[in-house]
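Working through the structure, step by step
Okay, here's what each chain looks like letter by letter:
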Amino acid sequence: MNQNQQPARRSGAIWALVITSVAGFMAALDNLVVTTALPSIREDLGGGLEDLEWTVSAYTLTFAVLLMLGAALGDRFGRRRLFITGLTIFTGASAAAALASGIDALIAARAVQGVGAAIMMPLTLTLLTAAVPAARRGAMLGLFSAVTGVAVATGPLIGGSLTEHISWQWIFWLNVPIGLLLLPLARLRLQESHAPDARLDVPGTLLVSGGLFGIVYALVNGQADGWTSPRILFCLIAGAVLLVAFARYSSVAKKPMLPMRLFRSRAFFGINVASLLMFLGMFGSIFLLSQFLQGVAGYSPTEAGLRMLPWTGMSLLVAPVAGLLSDRIGGRPVVTAGLALQALGLALFAMVLEPGVSYTAQLPALVISGIGMALYFAPAASVVMSSVRPSEQGIASGANNALREVGGALGIAVLGAVFAAQGGYESPQAFSDGTVPAVWIGAGALAAASLVALLIPGGRTRPDGTLSGSPAAAAESDRTPVAV
């Protein structure tokens, strides 16, 4: 590369980092920014528990089931073109959510937001990787991950502050000027690219989307409609049948969106199942605890967001240490310890929650949960990427992100169902009666996740990027790639 090309390449890499990081920040922020606004949304637009659940789950579910399709669309039709398309959909849906006059309109807008995020998010890393030289890629990806971490950490606080000091609509209006600014920058500053021989897995997408929607719909609406009602039973059975059909199809198709053979690897199976259970327990608990801080403890939305920071913000302090530990001793012990600490933190919550509980009594649970979350997040991505061959890392990353979002949607549905069966919004005592058993379920899910994480082979990542003891490492060493 000559001297004239080097500044242009450096400028392109910086622009790619800025554009993709801001877009990733918006999409990650919308996972949690709504949680502290839920009491205000319920007061303004009405609706029951199932409506509040769908306000969150409509986004996470469409995001999850279309994530890998979004990546495939970008590979096939152009990554910059589809990134701009996803950003446009996300920005327009954010405006529609802010303008929603009823809870049903808000849920519909949130679902469309998830569609836009599913197209946009998987292409952020692809576009950034293509724009950055290999020698600087680790630093750039680290900065990108840090921005996403800030979004997760500040989501409840930003949502609470905007809700209290302006209105809940501004948690969605915030995306509109940012999106409108990014659109021309993406068109002018990002380079177009395609993947050779890219194909779309339409049958797989339809099967997994229908299956997940059926199960989540049944879990969210089961308490209101009755668990034995024909509609709920039909959705549960149809959802399960479609998911089994998806697994069967993906095991025999030539180019499925999620090859089932990857799950024959202990490392890939362990980290992905652990991730699904982790998000099930964490997201479902945050959904209820953020409402508890306002509806029962009596804090304002901003105060509730600030009091969640020891949990959500701990990753900014602990993640660098966790990354160093993972490099030194391997990802398995760090991930396992993180999940176990999160389970302990939720168990401590469940033991102290009651009307009139002080914030001081809740603080140990918040800190321990935050440390655990940081210990999980830092090495999890590395374990995912090193559990497969380098040529399959794109699929592996998309699958892990999708399963985490599915876990979040299921967590809100499952813990919400437990909350509705044991309590409700009628009084602080009723809310506590519903929250405590739900949080115990969340703690159980995270304890199970820590046990599943023990399936991950021990050892550090090898110089070729594979995990010692994994089938990917065996394949890269020209040994027979037999799944462990």
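Residues numbered from 1 in each chain as written. Predicted model: local features only at pLDDT ≥ 70, side-chain atom pairs only at ≥ 80, totals over all residues. Heavy atoms only, no water.

Below, the discussion takes up the packing of aromatic side chains. Counted according to the given criterion, the structure contains 6 aromatic pairs. Measuring from ring centre to ring centre gives 6.3 Å for W168 and F172, while their planes differ by 85°; the resulting arrangement is edge-to-face. Of the two residues, W168 and F172, both sit in the buried class. Relative to F431, the ring of F292 lies with its centre 6.4 Å away and its plane at 45°, an arrangement referred to as tilted. Taken as a pair, F292 in helix α11 (residues 266-295) and F431 in helix α17 (residues 428-452) lie far apart in primary sequence, 139 residues in all. Both residues of the pair, F292 and F431, belong to the buried class. Here the guanidinium or amino end of R307 rests over the ring plane of Y359, the centre of that ring lying 5.4 Å away. (Phe/Tyr/Trp six-rings, centres within 6.5 Å; stacked < 30°, edge-to-face > 60°. Buried < 20%, exposed > 50% of the residue type's maximum accessible area, 1.4 Å probe, protein only. Helix = DSSP H or I, 4+ residues; strand = E, 2+ residues; numbered from the N terminus. Lys NZ or Arg CZ within 6 Å of the ring centre and 35° of its normal.)

This part covers the side chain of Q113. If you trace the backbone, Q113 turns up in helix α5 (residues 103-131). Overall, Q113 belongs to the buried group, its relative accessible area being 0%. Only 3.0 Å separates the side chain of Q113 from the side chain of R110, close enough to count as a polar contact. Discounting residues that sit within four places of it in the chain, Q113 has contacts with D30, Y59, F90, A93, S94, F172 and N175. (Polar contact = N/O pair within 3.5 Å; in protein donor to acceptor, adjacent residues only side chain to side chain. Contact = heavy atoms within 4.5 Å.)

To continue, consider the environment of L29. In this structure, L29 sits in helix α1 (residues 5-32). In this structure L29 comes out as buried when scored by relative accessible area, which is 3%. For the pair L29 and G155, spaced 126 residues apart in sequence, the C-alpha separation works out to 5.3 Å.

Look at helix α10 (residues 230-252): 33 Å from first C-alpha to last across 23 residues, which is about the 33 Å you get at 1.5 Å a residue. Three or more residues of α10 are buried, namely I232, C235, G239, F246 and S250. (Expected span 1.5 Å × (residues − 1).)

A few words now on the nonpolar core. Counting 131 residues, the largest nonpolar core has F83, L106, W311, L339 and F349 as the members making the most contacts within it. Per-element tally for this core: the top contributor is α11, with 16 residues. Residues within four places of F83 in sequence aside, it is in contact with I19, A23, M120, L123, T124, L127, A186 and L190. Counting residues in each nonpolar core, the second largest holds 5 residues, with M314, V318, A374 and L375 among its members. (Core = buried A, V, L, I, M, F, W, Y, C linked by side-chain atoms within 4.5 Å.)

Moving on, we come to the packing of helix α4 (residues 79-99) against α5. Where α4 meets α5, the axes come as close as 7 Å, and the angle between the chain directions of the two elements is 155°. Between α4 and α5, the angle is such that the two are roughly antiparallel. Seen along the crossing, α4 lies across α5 with a hand that is left-handed. Two secondary-structure elements touch here, α4 through R79, R80, L82, F83, G86, L87, I89, F90, A93, S94, A96 and A97 and α5 through L106, A109, V112, Q113, G116, A117, I119, M120, L123, T124, T126 and L127. (Axes fitted to C-alpha atoms, helices over the stretch in contact; angles between N-to-C directions. Parallel < 35°, antiparallel > 145°, perpendicular 65-115°, else oblique. Left-handed = near helix turned anticlockwise from the far one by under 90°.)

Of all residues in the protein, 84% have pLDDT values of 70 or greater, and the mean over the chain is 79. The lowest-confidence element of the protein is helix α18 (residues 471-476), averaging 45 in pLDDT; the highest-confidence one is α4, averaging 92. In the model, residues 462-466 has pLDDT below 50 throughout and makes 17 contacts with residues more than four positions away in sequence or in other chains. Counted against residues more than four places away or in other chains, residues 468-484, with its pLDDT under 50, gives 37 contacts. (pLDDT = per-residue confidence, 0-100.)

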